[in-house]
Amino acid sequence: MNQNPLQKLRQKLEITTSKYIDYVGYKIRSNDIGSVQVMKEKFILERENLLPIHNKALFYPCSGNDFDVAIFLFSPLITDFWFVDRGYFSPNHQDTRGYKRGLDAPADEQIPLLKGHPDYQFMGKKIVGSPTWYWRDYDIDPCVLTEIYLHVPSNRKIKIHRRRGYGISAFHKERFSLGVFFYRGDSQGEGGSGNLWLHTRRIHEICDKLVDGGLIVTDGSQHSYKQDHVYKELWKYRSGECPPTAEEIIKSARPFTDPEGRHFTCIGYAGHRYGPTLVWQVRKSGPYHPTTHS
Ligand SMILES: C[S@@+](CC[C@H](N)C(=O)[O-])C[C@H]1O[C@@H](n2cnc3c(N)ncnc32)[C@H](O)[C@@H]1O
């Protein structure tokens, strides 16, 4: 009998004894006197109820050089990864020329992002739009570089799209089924977008596009400063002390329901940026039941 792919995935998720999909990465931090420390950091994602994001897209506006956690944590589930930055494929762009991976180089000169990683086999690429754009020209000319990989551990094909352009316009123009909205490390300062992605109007837009049971992953960048804001748990630790371990941070982030009846629950931790990056699951229709969801 043919098995529904979601059933197969559910079985795979149940086979393992761990409650989490986890991945240990390394962050490099230099201290005041210039010496460099390499620190281990653990990222976790509760396995339960992740079926809604299976084969959906992850969208990350103003992503800069911050690819790894999003890709490594979500490769077993997500099919299309969208990274959008106005400074990609724009030689010498003031925001991107400093990134070590040469992200400002023309799209047709980019080295595959995951080249040499044992878990990913490069299968090809496609470019749509002009591979290069001079950043002082007035209108930004969008370009999408798509790289296709086989994610070996899950035996799934994934696509990584890097798009030169503005975050908000990509969010509206590109067509995808949104499983994960990923957003962090952004500000009003130099190089930051100044786009208020965590103000109420944008949160509604994100939630409208998000599938039921989809995720918002954020460190609380560009949040609203209104007191007693309904979404304030999303930026709870943005500029203050937080519990010492990922597990404690997840536990201390309180679930809440917004006026539209959407229920937000913290189900993971994706590292520290301008605060801890928390993974929130958004249910639009009451508690999510894996057996009835399709
Ligand atoms: C401060 S960096 C943060 C990058 C990344 N989020 C991180 O945490 O490392 C901000 C990035 O946003 C990009 N950016 C600024 N305004 C933007 C916009 N309106 N749309 C898309 N990208 C933008 C810049 O080029 C820069 O790479």
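It should be noted that the structure appears before, not after, this text.
So, a few notes on the structure that sits alongside this text. (Residues numbered from 1 in each chain as written. Predicted model: local features only at pLDDT ≥ 70, side-chain atom pairs only at ≥ 80, totals over all residues.)

Another point: the overall build of the protein. A tally of helices and strands in the protein yields five helices and twelve strands. Among the 294 residues that make up the protein, the fraction classed as buried is 38%. (Helix = DSSP H or I, 4+ residues; strand = E, 2+ residues; numbered from the N terminus. Buried ≥ 20, exposed ≤ 12 C-beta atoms within 10 Å, placed from the backbone.)

Right, let's talk about the site of the ligand for a bit. Close contacts around the ligand come from 22 residues, with C62, G64, D95, G185 and S193 the closest. In terms of residue class, the shell around the ligand is built from four nonpolar, eleven polar and seven charged. Taken together, domain 1 (43–78 + 177–294) and domain 2 (87–165) each give at least three residues to the shell around the ligand, which thus spans both. (Near = placed C-beta within 6 Å. Nonpolar A, V, L, I, M, F, W, Y, C, P; charged D, E, K, R; others polar. Domains from an automatic or database assignment.)

Turning to the nonpolar core, a few remarks are in order. Residues L58, F181 and V279 are the most contacted members of the largest nonpolar core, which totals 57 residues. Sort the elements by how many residues they give to this core and helix α2 (residues 68–74) lands first, with six residues. Residue-level mapping places this core at the junction of two domains, with at least three residues from each of domain 1 (43–78 + 177–294) and domain 2 (87–165). Residues contacting F181, with those up to four places away along its chain left out, are F59, I206, L210, I216 and V217. Residues F89, L103, A107 and C143 belong to the second largest nonpolar core, which totals eight residues. (Core = buried A, V, L, I, M, F, W, Y, C linked by C-beta atoms within 7 Å. Contact = placed C-beta atoms within 7 Å.)

Attention now goes to the environment of R163. As for its position among the elements, R163 is in strand β7 (residues 156–164). Of the residues examined, R163 has 28 C-beta atoms within 10 Å and is grouped as buried. Each C-alpha atom of the pair R163 and S63 lies 10.0 Å from the other, and the pair is 100 residues apart in sequence. Among residues more than four places away in sequence, those in contact with R163 are W82, V84, P142, V144 and A170.

Another aspect to go through is the pairing of strand β4 (residues 80–85). For β4, the buried fraction is high: five of the six residues fall into the buried class. Summarising the sheet, strand β3 (residues 57–61) and β4 pair through five bridges and their orientation is parallel. Its bridge partner lying in β4, L58 is registered against F81. Taking the sense of rotation as the criterion, the β-α-β connection linking β3, α2 and β4 turns out right-handed. Here β4 pairs with β7 via six bridges, running parallel. From the neighbouring strand, D85 faces β7, where its bridge partner is R164. (Pairing = 2+ DSSP bridges. Right-handed = clockwise from strand over helix to strand, strands pointing away.)

By themselves, these figures tell us nothing about what the structure is for.
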